[in-house]
Structures are given as C-alpha cells and as structure tokens.
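A look at the structure
One letter stands for each residue in the lines below.
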Amino acid sequence: MTPGNDAAPRRAEHEFIRTCSWQAVALFALAALAAGVRAEDASNAAPQDLSALPDAASVLGRPEKDPDPWIGMNRSLWKFNDGLDRMILRPIATGYRAITPDLAEEGISNFFDNLQVPGTALNQLLQGKPQQMASDIGRFTINSTFGVLGLFDLATRAGLPQHEEDFGQTLAVWGVPQGPFFMIPIRGPSTVTHAGGMFVDALTNPIRYISNVRVRNVTYGLYFLDLRKRLLTAEVRISGDDYLFVRDAFLQRRDFLIRDGVFEDDPFMDFDDFEDF
C-alpha cells in the first residue's frame, strides 16, 4: 500500500493518519445531495425517492452497522488524550521542531521509517504480495547501507516507494472484520482488529531488540517524539467536532490502506480531496 513519492508535505499527511489519523476527510457531499432533493409543489408533488442515493457506509466500504458503538467511552478517552497532548506532548514536539535543524529532522524521520520496513515486508508476505515485499527489502537494503542506517532516503529516489503495512491490515485481508472503533488511552484512534495487530507489529520493531535498556528507552522516546512532531503540520486541518473529525478520518484511512487505495463504484473518487491519500 503506497502513500506515494511526493514531497515532505504530502508524506507528513500520510504519516499523520497512520499514527493518530488526523488527516482531513469529509463526506459532506452526501448531505448536500440530500438537501438538494425537494418537492416542486408542496401540495401536489409526490414524495421524492432517495433510495438511489449512496449511503456513507457503502461509499466507505464499511458495514452499515454503527462503527462507533462505544462513543461515550471513546469521547471521554479523546478528552483525556487531548488534554494530555495540549499540556505535555504538543509543547515538547513544538520545541523539538523549533530547535532541530530541518536536515536533522528529516534524517531522524527517515531513520525511523526505515525501521518499519522489516515489519512491512513480513506483512506483505503474509498478504501474498511478493513484488511489494521484494521492493521493500531492496528499499531497506539500500537505505540501511548507502543511506547510512536509513538517515538518507536514497531508495525513493531510486524508484522504490515506501509502503504501509501492519498486521491489522493483514487480518483484514484474511477476512477478519475491523470491529468497532475505539480510542486507546495516550495512543489514539484504533479499531479492535487494528489494536490487536499492534501486539504483533511490536514484535517486528527492531527497537524492541536493543539490549541496552537506556539506549532502547531513549530510542523509543525519540521515536514517539518524531511521530508527534509530524502531526504538527496536519493537525491544523481539523475542524468542527474534533472527535468526529478524527474518528471519520481514521476509519476512512484504514479502509484506504486495507483496499490498497482501490474503491469500487465510489462516486467521490473524482474529488480533489482524495488526491492527498
């Protein structure tokens, strides 16, 4: 599943939805379609038939049942996460971006992106995608050697794009339903299947196998700091109800990744907003 080979601003939006899913999406065109249906004559016109209009579930490819049955609990966890972020995480990430040279920031982000490739390749194998797996193994080899442990992304320039795979996507390919949406404390938005897959993903993260405890903890800290820093660019797109915006953005992004960016009979695929995915 390929985010693309565009410049840093587009990559930042892709990373944002993958980590905390705050990428801007909306299907308010549905409401506009419904609002445009009216009677020509209030006293004589027959009722309008709206059955032909697509519903949000069919557009997104998700089941028609409520994707967020635990919304009360999820909203409470969202408020907790948002408060913690405003008090601690965001100020630290803002300071980090302010004092770190752009070249160093990019190198650190490239380094951690490179560490995700082994897990991506494993999931590509499990999903039956040998060509993508071979491409990412080549990408990892080039960036880990000529790219100095991944600090420089030479593979993208060589025509080997970055892919995004996790075990939650693998389970979906195997036919396991995504399950209800829920907000994980501190971690952020997820689904039941995605959350379960995180335990397997953690086993493929090379940071886990650093023997020196202090070095491992510092590396994890820098990893999460880099993730939060990437969100600073995209979070300004949030509008309206923050919780609903983030939830819907996350669910649509997961659908996009699971389907490899392919939607059948999607009436909204011509919209410019979808070019950013």
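Residues numbered from 1 in each chain as written. Predicted model: local features only at pLDDT ≥ 70, side-chain atom pairs only at ≥ 80, totals over all residues. Heavy atoms only, no water.

Under the definition given, this model contains 16 salt bridges. A salt bridge links Lys129 to Asp260, with the nearest nitrogen and oxygen atoms 3.1 Å apart. Of this pair, Lys129 sits in the loop between α6 (117–126) and α7 (130–145) while Asp260 sits in the segment after α12 (242–258), and the two are 131 residues apart along the sequence. Asp260 gets classed as partly exposed once you look at its relative accessible area, which sits at 35%. Beyond isolated ion pairs, a larger network of salt bridges with shared partners links Glu105, Asp113, Asp226, Lys229 and Arg230. (Salt bridge = Lys/Arg side-chain N within 4 Å of Asp/Glu carboxyl O. Helix = DSSP H or I, 4+ residues; strand = E, 2+ residues; numbered from the N terminus. Buried < 20%, exposed > 50% of the residue type's maximum accessible area, 1.4 Å probe, protein only.)

Moving on: the confidence of the model for the protein chain. Across the protein chain, the average pLDDT comes to 79, with 71% of residues at 70 or higher. This model gives residues 1–10 a pLDDT under 50, and the stretch forms 23 contacts once residues within four places in sequence are excluded. Every residue in residues 265–277 scores below 50 in pLDDT, and together they form 24 contacts with partners more than four places removed in sequence or on other chains. (pLDDT = per-residue confidence, 0-100. Contact = heavy atoms within 4.5 Å.)

What follows deals with the side chain of Lys129. Lys129 gets classed as buried once you look at its relative accessible area, which sits at 15%. Polar side-chain contacts of Lys129 include one of 2.9 Å to the side chain of Gln127. (Polar contact = N/O pair within 3.5 Å; in protein donor to acceptor, adjacent residues only side chain to side chain.)

Bringing unusual backbone geometry into the picture now. Positive phi outside glycine occurs at Val148, with the angle close to 55 degrees. With respect to the helices, strands and loops of the structure, Val148 is situated in the loop between α7 and α8 (154–157). Taking the relative accessible area as the measure of exposure, Val148 reaches 43% and is therefore partly exposed. Positive phi, normally seen in glycine, also occurs at Leu149, with a value near 60 degrees. Relative to the elements of secondary structure, Leu149 occurs in the loop between α7 and α8.

Moving on, we come to the environment of Glu164. Looking at the element boundaries, Glu164 is found in the loop between α8 and α9 (167–173). Given a relative accessible area of 2%, Glu164 falls into the buried group. The sequence separation of Glu164 and Asn123 amounts to 41 residues, and the corresponding C-alpha distance is 9.5 Å. A polar side-chain atom of Glu164 sits 3.1 Å from a polar atom in the side chain of Arg253.

Another point: the environment of Arg259. Locating Arg259 in the fold gives a position in the segment after α12. Distance from Arg259 to Gln169, taken between C-alpha atoms, is 9.0 Å for residues 90 residues apart in sequence.

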